[in-house]
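Each chain, letter by letter, is given below.
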Amino acid sequence: SIPLILGWVKPNAWYGVRTRKTRSSPEVWYRANRMGGIYLMAATLLALLFWGLLLLVPMPEGPRGVLELIILAVCQLGASLAIVMHAEKM
C-alpha cells in the first residue's frame, strides 16, 4: 500500500489499480492508485483491529486461524470493491 500511496508505482501491467480508466492517463493512474493504497491500508488496519478483538474470545487455534483468514479476506475484498468503484468514477 505504501508505494501506491506515495506514487512510487508507475503505470504498468502487473501492480496497482489497473482498469481502462486508470490506464487512460498517468494523472488518473496516480490518483486512483493513491486512493487504492489508502483503501488497502485502511482494510489492513481494520483486519488488525478485528484480530485484536478476536484475541479476547476464547477458542481453539484451528477455528481461530480460519476466522482470521476470513476477516482478512472480507476486509481486502471490501477494499477492492471500493477501489474499483472509486476508479470508475474518475
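Predicted model only: the values in this text are computed from it and were never measured.

Visitor: Explain the overall build of the protein chain to me, using residue names and the numbers behind them.
Guide: Each helix and strand counted, the protein chain has three helices and zero strands in total. N-terminal to C-terminal, the α/β element order of the protein chain is α-α-α. Its C-alpha radius of gyration of 16 Å places the protein chain more than 25% over the 12 Å reference for a compact globule of 90 residues. Across its three principal directions, the C-alpha atoms of the protein chain cover 50 × 20 × 20 Å. Here the protein chain holds 90 residues, and 22% of them are scored as buried. Residue pairs in contact within the protein chain that sit at least 24 positions apart in sequence constitute 51% of those at least 6 positions apart. When the accessible surface of the protein chain is split by element, carbon and sulfur atoms take 73% of a total near 6,100 Å². Taking the average place of the 9 positive charges on the side chains of the protein chain and the average place of its 4 negative ones, the gap between the two points comes to 12 Å.

Visitor: Before we move on, could you go through the side chain of Asn33 and cite the residues and values that matter?
Guide: Structurally, Asn33 is set in helix H2 (residues 26-54). Look at Asn33 and you get buried, because its relative accessible area is 2%. At 2.6 Å, the side chain of Asn33 and the backbone nitrogen of Val17 are in polar contact. Beyond its immediate stretch of four places on either side in the chain, Asn33 contacts Leu4, Ile5, Gly16 and Val17.

Visitor: Before we move on, could you go through helix H3 (residues 61-89) and cite the residues and values that matter?
Guide: End to end, H3 covers 42 Å across 29 residues, agreeing with the expected 42 Å (1.5 Å per residue, within 8%). Taken together, the buried positions of H3 are occupied by Arg64, Ile71, Cys75, Ala79, Ile83 and Ala87. Close packing links the buried residues of H3 with H2.

Visitor: With reference to specific residues and values, describe the packing of H2 against H3.
Guide: Put simply, H2 and H3 touch, their axes get as near as 9 Å, and they point 155° apart. The angle between the axes of H2 and H3 places the two elements in the roughly antiparallel class. Crossing of H2 against H3: the hand is right-handed. Listed contacts from H3 to Ala32, Met35, Gly36, Tyr39, Leu40, Ala43, Thr44, Leu46, Ala47, Phe50, Trp51 and Leu54 of H2 are Arg64, Leu67, Glu68, Ile71, Leu72, Cys75, Gln76, Ala79, Ala82, Ile83, His86 and Ala87.

Here is what the cut-offs are and how they apply
Residues numbered from 1 in each chain as written. Predicted model: local features only at pLDDT ≥ 70, side-chain atom pairs only at ≥ 80, totals over all residues. Heavy atoms only, no water. Helix = DSSP H or I, 4+ residues; strand = E, 2+ residues; numbered from the N terminus. Rg over C-alpha atoms; globule rule 2.2 N^0.38 Å. Buried < 20%, exposed > 50% of the residue type's maximum accessible area, 1.4 Å probe, protein only. Contact = heavy atoms within 4.5 Å. Areas by Shrake-Rupley, 256 points an atom, 1.4 Å probe, with all protein chains shown as cover. Lys, Arg positive; Asp, Glu negative; His and termini not counted. Charge placed at Lys NZ, Arg CZ, Asp CG, Glu CD. Polar contact = N/O pair within 3.5 Å; in protein donor to acceptor, adjacent residues only side chain to side chain. Expected span 1.5 Å × (residues − 1). Axes fitted to C-alpha atoms, helices over the stretch in contact; angles between N-to-C directions. Parallel < 35°, antiparallel > 145°, perpendicular 65-115°, else oblique. Left-handed = near helix turned anticlockwise from the far one by under 90°.

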